[in-house]
Every structure is written in C-alpha cells, then in structure tokens.
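# Structure assessment
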Amino acid sequence: MASLSVKPGQRFTLPDWQNNSILISADAEQQRYNSHHIRQEGRALRNETGNQAKWDEHNSRTHLKDRIACVDKWREALARCLAEIELEIDALTKVKEAAENAIQAKNLCLDVAIECLTLRESRRDIDVVRDPVEEELLREVKVIEKTKKELQQRVDDAFRQLCLLKEARQQVISDHKHKVEALELDRQCMSFNPTSGNISFKVNPTRIPDGSTALSEWEQNSRCNKEHAEAEIKASVDLRGAITLSIAQTNNELDAQRIATEFALRKRMRDMEAALNELRWQEQNTLDEIAEMEEEIRQLEEDIRKRTLDLKVAHTRLETRTYRPHIELCRDQAQYGLTDEVQQLEGIIRALQQKRTESQDALDALYRQLHRIRTDIGYKTNSLQLDNKCMDTRRKLVVSVQKFEPEVDAVNRTRDLPRKSQLEL
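About the criteria used
Residues numbered from 1 in each chain as written. Predicted model: local features only at pLDDT ≥ 70, side-chain atom pairs only at ≥ 80, totals over all residues. Heavy atoms only, no water. Helix = DSSP H or I, 4+ residues; strand = E, 2+ residues; numbered from the N terminus. Contact = heavy atoms within 4.5 Å. Areas by Shrake-Rupley, 256 points an atom, 1.4 Å probe, with all protein chains shown as cover. Core = buried A, V, L, I, M, F, W, Y, C linked by side-chain atoms within 4.5 Å. Buried < 20%, exposed > 50% of the residue type's maximum accessible area, 1.4 Å probe, protein only. UniProt positions renumbered as here; feature names shortened; annotations may be inferred. Phe/Tyr/Trp six-rings, centres within 6.5 Å; stacked < 30°, edge-to-face > 60°. Lys NZ or Arg CZ within 6 Å of the ring centre and 35° of its normal. Salt bridge = Lys/Arg side-chain N within 4 Å of Asp/Glu carboxyl O. Polar contact = N/O pair within 3.5 Å; in protein donor to acceptor, adjacent residues only side chain to side chain.

### Some remarks on the overall build of the protein chain
For the protein chain, the count of helices and strands is five helices and two strands. Each helix (α) and strand (β) of the protein chain, taken in turn from the N terminus, gives the series α-α-α-α-α-β-β. Sequence-distant contacts, at least 24 apart, represent 83% of the contacts inside the protein chain between residues at least 6 apart. On the protein chain, roughly 30500 Å² of surface is accessible, and the fraction owed to carbon and sulfur atoms is 54%.

### Description of the nonpolar core
Counting 22 residues, the largest nonpolar core has Ile85, Leu92, Val172, Ala229 and Ile243 as the members making the most contacts within it. Mapped onto this core, the elements with two or more residues apiece are helix H1 (14–120), helix H2 (132–191) and helix H3 (215–249). Apart from the residues lying within four places of it in its own chain, the contact partners of Ile243 are Val95, Ala99, Arg154 and Ala158. Leu311, Leu318, Val342 and Leu345 belong to the second largest nonpolar core, which has seven residues in total.

### Here we look at the environment of Leu352
Examined against the element boundaries, Leu352 turns out to sit in helix H5 (residues 333–394). C-alpha separation for the pair Leu352 and Arg307, spaced 45 residues apart in sequence, amounts to 9.4 Å. Those residues within four positions of Leu352 in sequence are excluded, and the remaining contacts are Leu300, Asp303, Ile304 and Arg307.

### A few points about the UniProt feature "coiled-coil region" (unreviewed entry) in the protein chain
Here the UniProt-annotated "coiled-coil region" (unreviewed entry) positions come out as residues 134–161, 269–310 and 342–369. Helix makes up 100% of residues 342–369 and strand makes up 0%, while its end C-alpha atoms are separated by 40 Å.

### What to know about the packing of aromatic side chains
Aromatic ring pairs are reported here in terms of the distance separating the ring centres and the angle at which the planes meet. Under the defined criterion, the tally for this structure stands at zero aromatic pairs. Just above the ring of Trp218 sits the side chain of Arg67; from NZ or CZ to the centre is 3.8 Å.

### Re the environment of Arg331
One can find Arg331 in the loop between helix H4 (253–321) and H5. In sequence terms Arg331 and Arg321 are 10 residues apart; their C-alpha atoms lie 10.0 Å from each other.

### Regarding the side chain of Ser222
Checked against the element boundaries, Ser222 lands in helix H3. When near neighbours in sequence (up to four residues on either side) are disregarded, Ser222 contacts Trp74, Asp175 and Lys179.

### Comments concerning the pattern of salt bridges
Pairing between side chains becomes possible if they bear opposite charge and their charged atoms approach one another. The full count for this structure, using the stated rule, is 18 salt bridges. One salt bridge in this structure joins Arg169 and Glu86, with 3.2 Å as the shortest N-O distance. Placement of Arg169 in helix H2 and of Glu86 in helix H1 is noted, with a sequence separation of 83 residues between them. With a relative accessible area of 30%, Glu86 lands in the partly exposed category. Between Asp310 and Arg307 there is a salt bridge, with the nearest N and O atoms lying 3.0 Å from each other. Pair noted here: Asp310 and Arg307 are both in helix H4, with a separation of three residues, about one helical turn. On the basis of relative accessibility, which here comes to 24%, the residue Arg307 falls in the partly exposed class.

### Thoughts on the side chain of Gln335
Position of Gln335 relative to the elements: it lies in helix H5. For Gln335, the side chain forms a polar contact with the side chain of Arg321, separated by 3.4 Å. Residues within four places of Gln335 in sequence aside, it is in contact with Leu318, Arg321, Arg324 and Cys330.

Below you can see the structure in the form of structure tokens.
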C-alpha cells in the first residue's frame, strides 16, 4: 500500500475556519474605526490648539500695543512736564536775580535816607525838632530795611524752591529715561515673530524678576513724579508772583496795594476760569461716560439675554437626554459636557447680572456727579461775573503816569509790573 510522506497536522472544522475569517474581518473593522476616531480627534485638537495659539499671540500683541501706548502717553506727559520745569527754573532764576538787584538798589536808597538824617543832625538849637520830614525819613529807613529783609527772605525762598525744582527735574528725567528704555524693549518685543532669527528658548522665562513692581505701583510712581513736579512748578509760579509783587511794593505802598489787589483778583479770575473750563471738561467727559455706560448696560443686557438662551438650550438638551431608554441612560461625556456648560453659563449669567448691577450703580453715581458739576458751574459762573464787576469798578481808578496792565506769559506765566505808577481817585 501507498503511505503519506508527511504526518498530517491538526485538522480544523469548517465552522472554525469561518469563525476565523469573521473574527479577522471584525478586528479589521474595529481597527479602522479606532484609527478614524483618533484621526478625527487629532484634527480637532490641531484646529483647537492652532486657534488657541493664534488668539493667545493676538492677545499678547494687543496687550503689548496697549502697554506701549500707555508708556508712550506717560513719556509724553513727562516730557512736557520736564519742559515746563526747565522753563520754570529759568523764569525763577531770572526773578531771583531781579530780587537780588532790587536789594542792591535799596542800599542806595538807604544810604540816601541815612545821609539825610545825618545832615539834619547838624541843626542847632530850636531847629532840632522832630518834624514831619524827620518822621518821614525815619519811616523811610524802616520801610527800606523791612523791604530789604522781605526781599532777602524772598531770595532765600527762591533758592530753596530752585533746589526743589531741580530735584523734581532729576526725578522726572530719570522716570522719562526709564520709560524710553521700556518703550524700546516693548517695541522690540512687538517685532518678534516665528521667523525672527533672534528667538530661542530661555531658562525659566515665566519667573518674576527681582525688583518687579505692580502695575498700580508703577503708575502711582509716574503720577507722583508728575504731580510732585507740577506742585513744585505751581509753588514756583506762586513764589515768582510773590517776589515780583514784593519788588513792586518798594516803589509805593499805595501802588503796591493796588497791584496786590488786582494781582490777586486777576489770579482769582484766572483760577475761576480755569476751574470753569475744568468743570465744563468734566461735564462733557461725564456726559460721554454716561453715554458709554448706558451703551455698556445695553450690551450687558443683550449678553445676558444671549447667555440665557444658551442656558435654555443646554437645559433642554439635558432634559431631552433623560428620556434615553434603559442602558442608554448613561453618564457619558456628552452628559458631563452639558452639565459643565450649564454650570459655566449659570456662573456667566450671575457675573453679567452682577456687572449690570454695578454698572447701573455707577451710572446713577455719574448722574449724581453730573448734577453736582452743573450746580458748581452755576456757582462759579456767578462768582466770575461778580469778579468781572469788581474789575469794572476798579477801572474808575486813574493812573496818571502809567496804566497798570499785567501781561501774562503763556509759557513762563510771568508778569511785567510797572516800575513807577501813581493812583488817583
């Protein structure tokens, strides 16, 4: 008999063969499904992360632009303040020199008065009387000495004020220099992009550098420097006015009184006009802010309405999903997502409602402030009209030698006072 050359192996049944084919096909289908699901997730992740990266970069660039604008605004303000300080230092220096020259001029007047008194000591017998001339001479000596003392005090005040102005100038210069450097760095940051050649990974770039300050501290420092400089400038302007007035008082007490009165009155009128302009500016800004706040409240209410509709949609979806049958009523990712969405929307609506309440309170406060501003404008307008009537009344005075018309320099804010003038009623 013929025999098999190879021992036969294990034999499978036909159902085994069919089950194996079915299993292979099912596995292939499952693997393709898993692959397709992963590809879809990857595509969604790429889109999400790409959009997030673009928005983050856009927000960073916007923040940099806003920061550059803010720093540049402060730089310009400090530059203007620095220019005003320089002008004020020059003006105060000239007034100080004028006061020193006035002191030197008073020495001659004092020498003349003392010489006259000495000559009158040569009188004899009954002529040695204390007549009105001697009384006037003695009074003149006292007035001159008092004037010299006052002028010297003014010179000392001017010297101290110059020191304060220079100190404020140094602070402003330092702050201005730092802001210029910060602007240069921020503009360099604005120029960076993914194709820049000088970008690289850094060690711990998110660290807080030593010496970092809060934004409020930074702004407070710049505001303090500016306000300090403006306060010193204002003090210097007032001091220069006082020095100029003291120099003018040496010519004639009556002229000095008239000059002081008109100086104070004109200064008060300028301050009143400035206050009115400021109040009108505040009124307009308040009206603009009221309009913007009302628009903001409308926007908030519209956002609340939209988010409420979104919340209704989420609630409806959740409620609808509660009707899934039997085992299908499971807490899947959609259920968790909808629950999170509801919680987020409820929190958003609460925040928007709170902000709407705060905005309404702010709007009410703005309306109250507007009423206060308009009331104050009425008061100051009435006061300015009264001051104008006072100035009209003072025009009845006739100056025989030279009419006193103080001229105000728009830059240096100095006054040209007449050397000689007489008043007649």
